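Each chain, letter by letter, is given below.
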Amino acid sequence: MALCRPASSRNLRAGNGAGVSTVALRLAPLLHSYTRGASELQVTGGTLNEMLQDLDRRYPGIRFRLVDEQDRPRRHVRFFVNDADTRDLEMKLRDGDNVYIVGALSGG
Amino acid sequence: MPDETSLLLMIATRKGSFTLRANPERDRFQLEGPQFLGHVVHHIVLDPRDRRTMLLAASTGHLGPTVFRSADAGGSWQEAERPPQFAKAVAGGRKRAVDHVFWLTPGHADEPGVWYAGTSPQGLFRSEDAGRRWEGVAGLNDHPLLDTWTGGEQDGTPDGPKLHSVLIDPRDRRRMYVGMSSGGVFATDDQGATWRPMNRGSLAEFRPDPFPEYGQDPHRVALHPLRPDRLYQQNHCGIYRLDLPDETWIRVGERMPSEVGDIGLPLALHPRDPDTAWVFPMDGSTVWPRVSPGGKPAVYGTGDAGQSWQRLDQGLPREQAWFTVKRQAFCADELAPVGLYFGTTSGSVWASNNEGEQWHCVAQHLPEIYALETALV
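Residues numbered from 1 in each chain as written. Chains lettered and ligands numbered in written order. Predicted model: local features only at pLDDT ≥ 70, side-chain atom pairs only at ≥ 80, totals over all residues.

### Describing the overall build of chain A
Reasoning step 1: The helix and strand inventory of chain A stands at two helices and six strands.
Reasoning step 2: Listing every helix and strand of chain A by position from the N terminus yields β-β-β-α-α-β-β-β.
Reasoning step 3: Nonlocal contacts in chain A, meaning residues at least 24 apart in sequence, comprise 56% of its contacts between residues at least 6 apart. (Helix = DSSP H or I, 4+ residues; strand = E, 2+ residues; numbered from the N terminus. Contact = placed C-beta atoms within 7 Å.)

### Remarks on the overall build of chain B
Reasoning step 1: Helix and strand content of chain B: two helices and 28 strands.
Reasoning step 2: Across its three principal axes, chain B shows a C-alpha extent of roughly 60 × 50 × 40 Å.
Reasoning step 3: Within chain B, buried positions represent 54% of all 377 residues.
Reasoning step 4: Taking all contacts inside chain B whose residues are at least 6 apart in sequence as the whole, residues at least 24 apart take part in 49%. (Buried ≥ 20, exposed ≤ 12 C-beta atoms within 10 Å, placed from the backbone.)

### Thoughts on the interface of chain A and chain B
Reasoning step 1: On the chain B side, the residues contacting the 19 residues of chain A number 20 residues.
Reasoning step 2: Those elements that place two or more of their residues in the side of chain A that touches chain B are strand E1 (2-4) and helix H2 (62-66) of chain A.
Reasoning step 3: No other element matches the three residues that E1 of chain A contributes to the side of chain A that touches chain B.
Reasoning step 4: Within the side of chain A that touches chain B, the residues separate by chemical class into nine nonpolar, five polar and five charged.
Reasoning step 5: Of the pairings in the sheet, the one linking E1 of chain A to strand E7 (residues 76-79) of chain B comprises three bridges and is parallel in character. (Nonpolar A, V, L, I, M, F, W, Y, C, P; charged D, E, K, R; others polar. Pairing = 2+ DSSP bridges.)

### What about the pairing of strand E9 (residues 115-120) of chain B?
Residue and element names in this part refer to chain B.
Reasoning step 1: With six of six residues buried, E9 is to be regarded as a mostly interior element.
Reasoning step 2: Residues Trp115, Ala117 and Thr119 of E9 are buried on one face, and the alternating residues Tyr116, Gly118 and Ser120, pointing to the opposite face, are buried as well.
Reasoning step 3: Two elements, strand E8 (residues 100-106) and E9, share six bridges in a ladder whose sense is antiparallel. Counterpart to valine 101 in the pairing with E9 is threonine 119.
Reasoning step 4: Examined bridge by bridge, E9 and strand E10 (residues 123-127) share five bridges and lie antiparallel to one another. If you follow threonine 119 over to E10, its bridge partner there is glycine 123.

### Describing the confidence of the model for chain B
Reasoning step 1: Looking at chain B as a whole, its pLDDT mean stands at 96, while 98% of the residues score no less than 70.
Reasoning step 2: Interface predicted TM-score (ipTM) for the complex: 0.90; the corresponding pTM is 0.95. (pLDDT = per-residue confidence, 0-100.)

### Examining the environment of serine 348 of chain B
All names here are of chain B.
Reasoning step 1: Looking at the element boundaries, serine 348 is found in the loop between strand E25 (340-343) and strand E26 (349-352).
Reasoning step 2: Residue serine 348 is classed as partly exposed on the basis of its C-beta count, with 18 C-beta atoms lying within 10 Å.
Reasoning step 3: Ignoring any residue separated from it by four or fewer positions in sequence, one finds serine 348 in contact with Cys361, Ala363 and Gln364.

### Thoughts on the sheet that holds strand E5 (residues 84-86) of chain A
Residues and elements named next belong to chain A.
Reasoning step 1: Overall, mixed pairing links the five strands, which are arranged E3-E2-E6-E4-E5 in an open sheet. Two strands in the sheet have a free side with no partner beyond their single neighbour: strand E3 (40-44) and E5. Put simply, the sheet's adjacent strands are angled 30 degrees from each other on average, direction ignored.
Reasoning step 2: Of the pairings in the sheet, the one linking strand E2 (residues 22-27) to E3 comprises five bridges and is antiparallel in character. Note on E3: the bridge partner recorded for threonine 22 is threonine 44.
Reasoning step 3: Along the sheet face, helix H1 (residues 48-58) touches E2, E3, strand E4 (77-81) and strand E6 (98-103) and points at about 115 degrees away from the line of E3. (Axes fitted to C-alpha atoms, helices over the stretch in contact; angles between N-to-C directions.)

### Overview of the nonpolar core
Reasoning step 1: Membership of the largest hydrophobic core comes to 104 residues, with the highest contact counts inside it found for Ile11, Val41, Leu56, Ala117, Tyr177, Ala268 and Leu372 of chain B.
Reasoning step 2: Among the elements that take part in this core, strand E1 (residues 7-13) of chain B stands out by supplying six residues, more than any other.
Reasoning step 3: Core analysis: the second largest hydrophobic core is formed by 20 residues, Val23, Leu55, Phe64 and Leu66 of chain A among them. (Core = buried A, V, L, I, M, F, W, Y, C linked by C-beta atoms within 7 Å.)

### Examining the sheet that holds strand E20 (residues 264-269) of chain B
Residues and elements named next belong to chain B.
Reasoning step 1: Spatially, the four strands line up as an open sheet ordered E20-E21-E22-E23, and their pairing is antiparallel. Sheet topology places E20 and strand E23 (310-312) at the edges, where each strand pairs with a single neighbour. With direction set aside, neighbouring strand axes in the sheet form an average angle of 30 degrees.

### Some words on the environment of leucine 41 of chain A
Residue and element names in this part refer to chain A.
Reasoning step 1: Looking at where leucine 41 falls in the secondary structure, it is placed in strand E3.
Reasoning step 2: Taking the C-beta count within 10 Å as the criterion, leucine 41 has 19 such neighbours and is therefore assigned partly exposed.
Reasoning step 3: Sequence separation between leucine 41 and arginine 72 is 31 residues; the distance between their C-alpha atoms is 23 Å.

### Regarding H1 of chain A
Residue and element names in this part refer to chain A.
Reasoning step 1: Listed as buried for H1 are Leu48, Met51, Leu52, Asp54 and Leu55. When H1 is viewed along its axis, its buried side chains cluster within an angular range of 155 degrees and face the same direction.
Reasoning step 2: In this structure, the buried residues of H1 make contact with E2, E3, H2, E4 and E6. (Arc of directions from axis to C-beta.)

Next comes the structure, spelled out in structure tokens:
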């Protein structure tokens, strides 16, 4: 099946502006159709939400699959920042943080 | 069937999408797929206006809802740039979020590129660019009585409350109908700016007032394209017909055999005869098993607008077959004689190429089937 995704709109290593952190993002396989198979990326943002916005600029549509229209994380999606599980999208990020987005354990 | 076209059956399942392509006699089917393996696919529809644009409503167990669109009848796909989504809530307002896109309907023939989508929870969305970007129909989604009509998000199907059966009058694109489970049937005469309930005569035995103005549970509503003043519905409490301008539903399912009843989920119409329709009855007694009554599946058809019903079970299992057919999983094609198709939650597709006289199983062992649609491609 051919699923066509828009081309990435920015260099993956964008410049780091004031108040903006560069973090190492690891993505679970359920998101790899957006990133053409890439599982590790460098992304920027002063908060988790800003990081997701940066990710969505590069891979349009990915944020809405993770966060609903009221800015709430999807029920079965988990965000880890340096191993801490969080649903707070305003959580501050620092340079060098490790962020992991994964589908929560749920079956059927 | 013209040589250059073939019948395509699009199958939406809980674990992906499949297609069945028929030979001209519709007695052999080639199964293709899966596509979107692992996605929860609620509906796949080919645009009859161009026979190329195909939309597919999907989510996954983890990721949020979206719509995929194809410009080559399913050969390749792109995701919608802006899937259906409710407006961001104002401070203190209710935060509604689309759980899944349940229903897709191409717009009026005079509006190429226009599509409508129904969602869970109940919401109506419109695209004017063949499914790339979707905007809410504010006249319904923001209606001050919407929560009152629907009973809120706790009143719905086990898989969530839904807006479905988006119907457009072929004579007038401003006149539309939707079904809401729960909520009832609603009509607009101004393309969605204003809405009114249209449920007179429709039973809601699960409510204190069994004939309320709204709050019914229509499982499937259909409008006949050649007689748009005629609607049918299969709802939680029976089979109904309505002939405008009288906006009163007449329960035509009472003519069904009492041991079978007139409870079910889907409904299919003959494309050329407004008096002919088919239903798939399921057990609606006690705790609502919603399987073929007695384990003996059958389609029932009427050729006189519900005055009488005929059992159509030749070729179907005679016993111990506990079929459940969901509301989108029964359809008719546009050929002569009409072909009928239904898909079960146990992953089988049954077909008849002679209006239900004889049935054949044409696919089995698929995932749980959510929806079937036919198209000529």
